[in-house]
Amino acid sequence: MPFYVSTTQEGMLSAEQKQTISEEITRIHCAATGAPRSVVRVLFMTYPSGCAFSGGRSGALAVLSCEIRAGRGIAVKQTMLKEFWEMYARVTGAAKDQMLVILTDVPAGQVMEFGAILPEPREEAAWLAVHAA
């Protein structure tokens, strides 16, 4: 279920940078949560120059939106945020004032994957054995 959306100005990221971001998101997410790599989804979206603003000024924003299943402790989420921030800044080259990383909890009962409602945390093994096989 983890769903990550990287939104940047057109031409900001090369195919290689996208691959690196995708691999790093997967590594960070799996290390922090124990989730299998196969459930981590990453989508790259772009916008045209002149369509992003910060403080009323046009700029090349880089935003990483992270939706994860609720149930993780604040320490785990803040560790993930810090790792995502450092990685995203390094790979995109975005300035601190032009970058945003957002992590949102989504209740398991509000997500379907493999045609089934997601399990609560710590109930994944049985669910994955049935639905992800």
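Each value, and the rule that gives it
- Residues numbered from 1 in each chain as written.
- Predicted model: local features only at pLDDT ≥ 70, side-chain atom pairs only at ≥ 80, totals over all residues.
- Heavy atoms only, no water.
- Axes fitted to C-alpha atoms, helices over the stretch in contact; angles between N-to-C directions.
- Helix = DSSP H or I, 4+ residues; strand = E, 2+ residues; numbered from the N terminus.
- Parallel < 35°, antiparallel > 145°, perpendicular 65-115°, else oblique.
- Left-handed = near helix turned anticlockwise from the far one by under 90°.
- Contact = heavy atoms within 4.5 Å.
- Nonpolar A, V, L, I, M, F, W, Y, C, P; charged D, E, K, R; others polar.
- Disulfide = S-S within 2.5 Å.
- Pairing = 2+ DSSP bridges.
- Phe/Tyr/Trp six-rings, centres within 6.5 Å; stacked < 30°, edge-to-face > 60°.
- Core = buried A, V, L, I, M, F, W, Y, C linked by side-chain atoms within 4.5 Å.
- Buried < 20%, exposed > 50% of the residue type's maximum accessible area, 1.4 Å probe, protein only.
- 1 Å grid on protein atoms, 1.4 Å probe; cavity = no way out; pocket = protein on both sides within 12 Å on 5 of 7 lines; lining within 4 Å.
- Points joined across faces, edges and corners; volume = space filled by probe spheres on them.

## Considerations on the packing of helix α1 (residues 15-33) against helix α2 (residues 74-92)
Here is step 1 of the chain: Contact geometry of α1 with α2 gives a least axis separation of 10 Å together with a crossing angle of 165°. Relative to α2, α1 is oriented roughly antiparallel. Remark: the crossing between α1 and α2 carries right-handed chirality. In contact with Q17, T20, I21, E24, I25, R27, I28, H29, A32 and T33 of α1, α2 contributes V76, M80, E83, F84, M87, Y88, R90, V91 and T92.
Here is step 2 of the chain: Split into classes, the residues belonging to the contact of α1 with α2 amount to 10 nonpolar, 5 polar and 4 charged.

## With respect to the state of the cysteines
Here is step 1 of the chain: Taken as a whole and judged by the stated rule, the model has 0 disulfides.
Here is step 2 of the chain: No disulfide involves C30; its nearest neighbouring cysteine sulfur is the one of C66, lying 13 Å away.

## Brief notes about the environment of V40
Here is step 1 of the chain: Residue position: V40 is located in the loop between α1 and β2 (41-47).
Here is step 2 of the chain: Separated by 13 residues in sequence, V40 and R27 place their C-alpha atoms 9.5 Å apart.
Here is step 3 of the chain: Aside from chain neighbours lying at most four places away, what touches V40 is P2, Y4, I25, T26, H29 and C30.

## Section: the sheet that holds β2
Here is step 1 of the chain: The sheet built from 4 strands is open, its strands ordered β2-β1-β5-β6 with mixed pairing. The sheet terminates laterally at β2 and β6 (99-106), the two strands that pair on one side only. Strand-to-strand twist in this sheet, taken as the mean axis angle between neighbours without regard to direction, amounts to 15°.
Here is step 2 of the chain: The sheet contact formed by strand β5 (residues 62-69) and β6 spans 8 bridges and is parallel. Counterpart to A62 in the pairing with β6 is M99.

## A closer look at the packing of aromatic side chains
Here is step 1 of the chain: For the coordinates displayed, the defined rule picks out 2 aromatic pairs.
Here is step 2 of the chain: Centre to centre, the rings of F114 and W127 are 6.0 Å apart; their planes meet at 55°, and the pair counts as tilted. Linking F114 in the loop between β7 (112-113) and β8 (116-117) with W127 in helix α3 (residues 124-131), this pair joins segments that are 13 residues apart in sequence.

## Re the nonpolar core
In globular proteins that are soluble, nonpolar side chains generally tend to be buried together.
Here is step 1 of the chain: One finds Y4, I21, I25, L64, C66, F84 and M87 to be the most contacted residues of the largest nonpolar core, which totals 20 residues.
Here is step 2 of the chain: Listing elements by their share of this core, those giving two or more residues are α1, β5, α2 and β6.
Here is step 3 of the chain: With 5 residues, α2 is the single largest residue contributor to this core.
Here is step 4 of the chain: Membership of the second largest hydrophobic core comes to 7 residues, among which are M1, V106, V111 and W127.

## Observations regarding the environment of P36
Here is step 1 of the chain: Note that P36 resides in the loop between α1 and β2.
Here is step 2 of the chain: Separated by 92 residues in the primary sequence, P36 and L128 have C-alpha atoms spaced 9.5 Å apart.
Here is step 3 of the chain: Contact partners of P36, with chain neighbours within four places excluded, come to C30 and L128.

## Quick word on the layout of surface pockets
Here is step 1 of the chain: Approximately 240 Å³ is the volume found for the largest pocket.
Here is step 2 of the chain: If you trace the largest pocket, you find 18 residues lining it, with A35, V39, R69, R72 and E124 closest to the centre.
Here is step 3 of the chain: Sorting the residues of the lining of the largest pocket by element identifies α1, β5 and α3 as the ones contributing at least two each.
Here is step 4 of the chain: Among the elements that line the lining of the largest pocket, the one with the most residues is α3, at 3 residues.

Geometry only, nothing functional implied.
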